[in-house]
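Understanding the architecture of this molecule
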Amino acid sequence: MDYEHKAKAVGDCLLGYKTDESGWKVCKKSNDVVVSWRPSSEFPGNVYKGEGIVSGSPERVWQCLKPVPNGLRVKWDNNVKKFELLEQITEDISICRTVTPSAAMGIIAPRDFVDVILVKQYEDGTISSNATNVSHPGCPPQSGYVRGLNHPCGCICVPISGEPNKTQVFSFFQTDLGGFLPRSVVDSFFPSSMAEFYSNLAKAVKSLKDL
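Description of the structure in this document. (Residues numbered from 1 in each chain as written. Predicted model: local features only at pLDDT ≥ 70, side-chain atom pairs only at ≥ 80, totals over all residues. Heavy atoms only, no water.)

**A short note on the pattern of salt bridges**
Think of it this way: side chains of opposite charge can pair up when their charged atoms draw near. Short version of the rule: Salt bridge criterion: a side-chain nitrogen from Lys or Arg within 4 Å of a carboxyl oxygen from Asp or Glu. Only runs of H or I of at least four residues qualify as helices and only runs of E of at least two qualify as strands under DSSP, and these elements are numbered from the N terminus.
By the definition in use, this model includes nine salt bridges. In this structure, R38 and D20 form a salt bridge, with 3.3 Å as the shortest nitrogen-oxygen distance. Pair noted here: R38 is in strand 2 (residues 34-39) and D20 is in the loop between helix 1 (3-19) and strand 1 (25-29), with a separation of 18 residues, a long-range link. Salt-bridge contacts for D77 lead to R73; the nearest nitrogen and oxygen are separated by 3.0 Å. One network of salt bridges, in which partners are shared, links K82, E84, R97, D112 and R147.

**So, helix 2 (residues 58-65)**
Rule in force here: Any residue under 20% of the maximum accessible area for its type is buried, any over 50% is exposed, and the rest in between are partly exposed; the area is computed with a 1.4 Å probe on protein chains only.
With six of eight residues buried, helix 2 lies mostly within the body of the structure. Considered for burial, the residues of helix 2 that qualify are P58, R60, V61, W62, C64 and L65.

**Quick notes on the nonpolar core**
For clarity, the cut-off: We define a nonpolar core as any set of buried Ala, Val, Leu, Ile, Met, Phe, Trp, Tyr and Cys residues linked to one another through side-chain atoms lying within 4.5 Å. By definition in these notes, contact holds between two residues if any of their heavy atoms fall within 4.5 Å.
Counting residues in each nonpolar core, the largest one holds 31 residues, and the members touching the most others are V61, L65 and L201. Mapped onto this core, the elements with two or more residues apiece are strand 3 (46-55), helix 2, strand 10 (153-160), strand 11 (163-173) and helix 4 (183-207). Here the element with the most residues in this core is helix 4; it accounts for 11 residues. Look past the residues within four positions of V61 in its chain and what remains in contact with it is V54, G56, C157, T167, V169, L201 and V205. Ranked by size, the runner-up nonpolar core spans nine residues in total, among them Y3, A7, I95 and L118.

**Side note on the packing of aromatic side chains**
Note the following rule: Two rings belonging to Phe, Tyr or Trp (six-membered ring only in the last case) form a pair when the distance between their centres is within 6.5 Å. Interplanar angles under 30 degrees mark stacking, angles over 60 mark edge-to-face geometry, and anything in between is tilted.
Taken as a whole, this structure holds seven aromatic pairs when the rule is applied. With centroids separated by 5.4 Å and ring planes inclined at 20 degrees, the aromatic side chains of Y48 and F190 adopt a geometry described as stacked. Of the two residues, Y48 is situated in strand 3 and F190 in helix 4; the sequence distance between them amounts to 142 residues. Judged by relative accessible area, Y48 falls into the buried class, the value being 4%. When its relative accessible area of 5% is taken as the criterion, F190 is described as buried. Note on W76 and F197: the rings are 5.3 Å apart at their centroids and 50 degrees apart in plane angle, and the pair reads as tilted. Linking W76 in helix 3 (residues 73-76) with F197 in helix 4, this pair joins segments that are 121 residues apart in sequence. We note that W76, like F197, is buried.

**As for empty space enclosed by the protein**
For clarity, the threshold we go by: Cavity and pocket criteria rest on a 1 Å grid covering protein atoms alone: a 1.4 Å probe that fits but cannot get out defines a cavity, protein on both sides within 12 Å along at least 5 of 7 lines defines an open pocket, and an atom within 4 Å of a point defines a lining residue. Grid points are joined across faces, edges and corners, and a volume is the space filled by probe spheres set on the points. Throughout, the ten residues Ala, Val, Leu, Ile, Met, Phe, Trp, Tyr, Cys and Pro are labelled nonpolar, Asp, Glu, Lys and Arg are labelled charged, and all others, Gly among them, are labelled polar.
Overall, the coordinates contain one cavity of 30 Å³ or more when judged by the stated rule. Of the pockets and cavities examined, the largest cavity occupies roughly 630 Å³. Taken together, 39 residues line the largest cavity, and the ones lying closest to its centre are R73, V80, T98, N150 and F173. Among the elements of the structure, helix 3, strand 5 (93-100), strand 6 (111-121), strand 7 (127-133), strand 10, strand 11 and helix 4 are those that each provide at least two residues to the lining of the largest cavity. A class-by-class count of the residues in the lining of the largest cavity yields 23 nonpolar, 11 polar and five charged.

**Side note on the packing of helix 2 against helix 4**
Stated precisely, the cut-off is as follows: Angles here are taken between N-to-C directions and fall from 0 to 180 degrees, while the axes themselves are lines fitted to C-alpha atoms, restricted in helices to the stretch in contact. Here a crossing is called left-handed whenever its near helix is offset anticlockwise from the far helix by less than a right angle, and right-handed whenever the offset is clockwise.
Here helix 2 crosses helix 4 at 115 degrees, and the two axes come no closer than 9 Å. For the crossing formed where helix 2 meets helix 4, the hand is right-handed. Along its contact with helix 2, which presents R60, V61, C64 and L65, the element helix 4 presents F197, L201, A204, V205 and K206.

**Topic: the pairing of strand 10**
Short version of the rule: Here, any two strands with at least 2 DSSP bridges between them count as paired.
A large share of strand 10 lies buried, amounting to six of its eight residues. In this sheet, strand 10 lies alongside strand 7 in antiparallel orientation, the contact comprising five bridges. Its bridge partner being in strand 10, I127 is matched across the sheet by C157. Two elements, strand 10 and strand 11, share seven bridges in a ladder whose sense is antiparallel. Bridge assignment links C157 to a residue of strand 11, and that residue is V169. Counting the residues between successive antiparallel strands, the hairpin from strand 10 to strand 11 contains two residues, one of them, G162, with a positive phi of roughly 80 degrees.

Functional significance is not addressed by these values, which are geometric in nature.
Structural data, given as structure tokens:
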């Protein structure tokens, strides 16, 4: 499998989601985030977009988001129980396994996901993590976990001009949870879990010691 090609394509795809304003419908608003959705072109489900301002420089926000084993994200993100590096492809591209706990009062069983992840930095200081599902010989489906599939997803941290201690954070989730879940469970899970994601991210950034 050409992991590098797939990783670069997902980076372009996420940038496209960020710049294309058409068709998004707002489904949840909180003080931290506006969550919208539109039908996915990747699978018979939805792509969800979160957009919010987080108090903290892009470097501090990224510190909490970056997809690395033993990183901060497993500590604050309730939907990430474990994060494992399966293979480092290049300096910026890796294959990782993410384990998620059961959710929605146990209706959603524990899942695992295997993704290629591209970390991309832009000249204006924007930094992003971009992920999509792949298969990897080192990680076949395992008992005790439903294997889910992430379609192009990730986070983009954008500096705000004149506001060095604030960051605009876009997040995109587009996940086939697998198993036989009622559509209503999936449709209610993502907006609320994304609102929680932003609220917990803001707390995590606030609690970081000065870098």
